[in-house]
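Analysis of the macromolecular model
These are the residues of each chain, in order.
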Amino acid sequence: MTDTTSQPITPQNRRNLFQQLELDVRLLGMIGAFIILCIGFNLVTDGRFLTPRNIFNLTIQTVSVAIMASGMVFVIVTRHIDLSVGALLATCSAVMAMTQTEFVPNILGLGLNHPITWIVAIVVGLVTGTLIGAFHGWMVGYLTIPAFIVTLGGFLVWRNVAWYLTDGQTIGPLDSTFMMFGGTNGTLGTSLSWILGLVATALALLTLWNSRRAKLAHEFPVKPLWAEGALAVIISGAILGFVAILNAYEIPSRRLARMFEARGEVMPEGFTQGYGLPISVLILIAVAVVMTIVARRTRLGRYIFATGGNPDAAELSGINTRLLTVKIFAIMGFLCALSAVVASARLANHSNDIGTLDELRVIAAAVIGGTALSGGFGTIYGAILGALIMQSLQSGMAMVGVDAPFQNIVVGSVLVAAVFIDIVYRKRVGAK
């Protein structure tokens, strides 16, 4: 079939450059702000902000909030809110920690580092988070209690349930395999990271090509070939550049020597090795892909956005909005438990303050990422980028030496500004 870009276009159908390239102005603005933020902090910190070490740490610190932010998109899109995510994370973390240190050894008679210990702990944690989330959704959907009240109560209840489960003590150490999901304790290494990066690049390019073919097959407008090529180059560069940066962060020589000793080997003189991609980042990528597919390609996703756009019309059209609410909060609970795995594994223990203020960070990440508080619109990649911007802002201020209270002032101001910009943007779009 002839490429539609080669066919004459009538003046009334002629599209401007932004329309031809199908550029998301909001996304471009966020990326631009993130780049300016990184360059600014890098200049202020004498080049320390954009080092492989800091980027690696920034990445693994973002994962926990980003995972929950992807679920918060669904919650906010349907015009609800969840203030309990940080407390629910703490409860799931406490349940998994007690499962590893008390239940599995004392009830099942298995050691802390037994091959199935981490599996049992994660399954128990995920089931706990999902059931609690579904319970919240049942109260919101079927008892018609406002989500603000239900999750505010959950914020108070689950934080203290976590405290009682552990008697207020820090629980650790955790299972060694379990801790591989947290960051430096679990990475792929340089070789496997490059292989995965090349595979991801190939899949991304294949997706672009298939998307263009599908549009041409249905005679939809497509980007010019040069724009498709430029986008392919940018995506490939971003994926492979990210892998290269993480591979450039080398494992400290002392830790590397201990790793060789644990295998009964002697580390060669001058030997170096990079960390590579953390397993926690792969978990985030998997969550982002699955949640995006759910949002764009499934009936559940269509129901979620239809309900957020007009709840009354959605219910009249036959959508079971009550059951949908239960499903959304169950997904949120599941993602809170998954974040608890990453957060507690990164810390190598469960502590009483784990997840503190995460509810605010998660909501801020979703809103900064473009999720409309009025419902009906939001993207998974936007929420993850919002989480990265939030973490970069806090990390950069910490490196500069800004006091914690002022950091919160800045983050709060950025959140209000993001909502204001979103309101102005939607008014202008609606006026066109």
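Whatever comes next refers back to the structure up there.
Here's a quick rundown of the structure.

Helix and strand counts for the protein stand at 16 helices and 0 strands. For a compact globule of 432 residues, the expected C-alpha radius of gyration is about 22 Å, and the protein comes in at 23 Å, within 12% of that figure. In terms of its C-alpha atoms, the protein occupies a principal-axis envelope of roughly 75 × 65 × 45 Å. Relative to its 432 residues, the protein shows a buried fraction of 44%. Counting contacts in the protein only where the partners sit at least 6 residues apart, residues at least 24 apart contribute 80% of the total. Side-chain charges in the protein split into 27 positive and 21 negative, and the spacing between the mean points of these groups amounts to 10 Å.

A few words on helix 11 (residues 299-309). Residues spaced three or four apart along an α-helix point in a common direction, a consequence of the helix completing one turn every 3.6 residues. Residues Gly301, Ile304, Thr307 and Gly308 constitute the buried set of helix 11. The buried residues of helix 11 occupy an angular sector of 135° when the element is viewed end-on, so they sit on one face. In this structure, the buried residues of helix 11 make contact with helix 3 (52-77), helix 10 (279-297), helix 12 (311-316) and helix 13 (321-347).

Let's shift gears to the packing of aromatic side chains. Under the defined criterion, the tally for this structure stands at 7 aromatic pairs. Where Phe41 meets Phe49, the ring centres are 5.5 Å apart and the plane angle is 35°; that geometry is what we call tilted. Through a chain of ring-to-ring contacts, three or more aromatic side chains come together here, namely Phe56, Tyr249 and Tyr275.

Rules used throughout
Residues numbered from 1 in each chain as written. Predicted model: local features only at pLDDT ≥ 70, side-chain atom pairs only at ≥ 80, totals over all residues. Heavy atoms only, no water. Helix = DSSP H or I, 4+ residues; strand = E, 2+ residues; numbered from the N terminus. Rg over C-alpha atoms; globule rule 2.2 N^0.38 Å. Buried < 20%, exposed > 50% of the residue type's maximum accessible area, 1.4 Å probe, protein only. Contact = heavy atoms within 4.5 Å. Lys, Arg positive; Asp, Glu negative; His and termini not counted. Charge placed at Lys NZ, Arg CZ, Asp CG, Glu CD. Arc of directions from axis to C-beta. Phe/Tyr/Trp six-rings, centres within 6.5 Å; stacked < 30°, edge-to-face > 60°.

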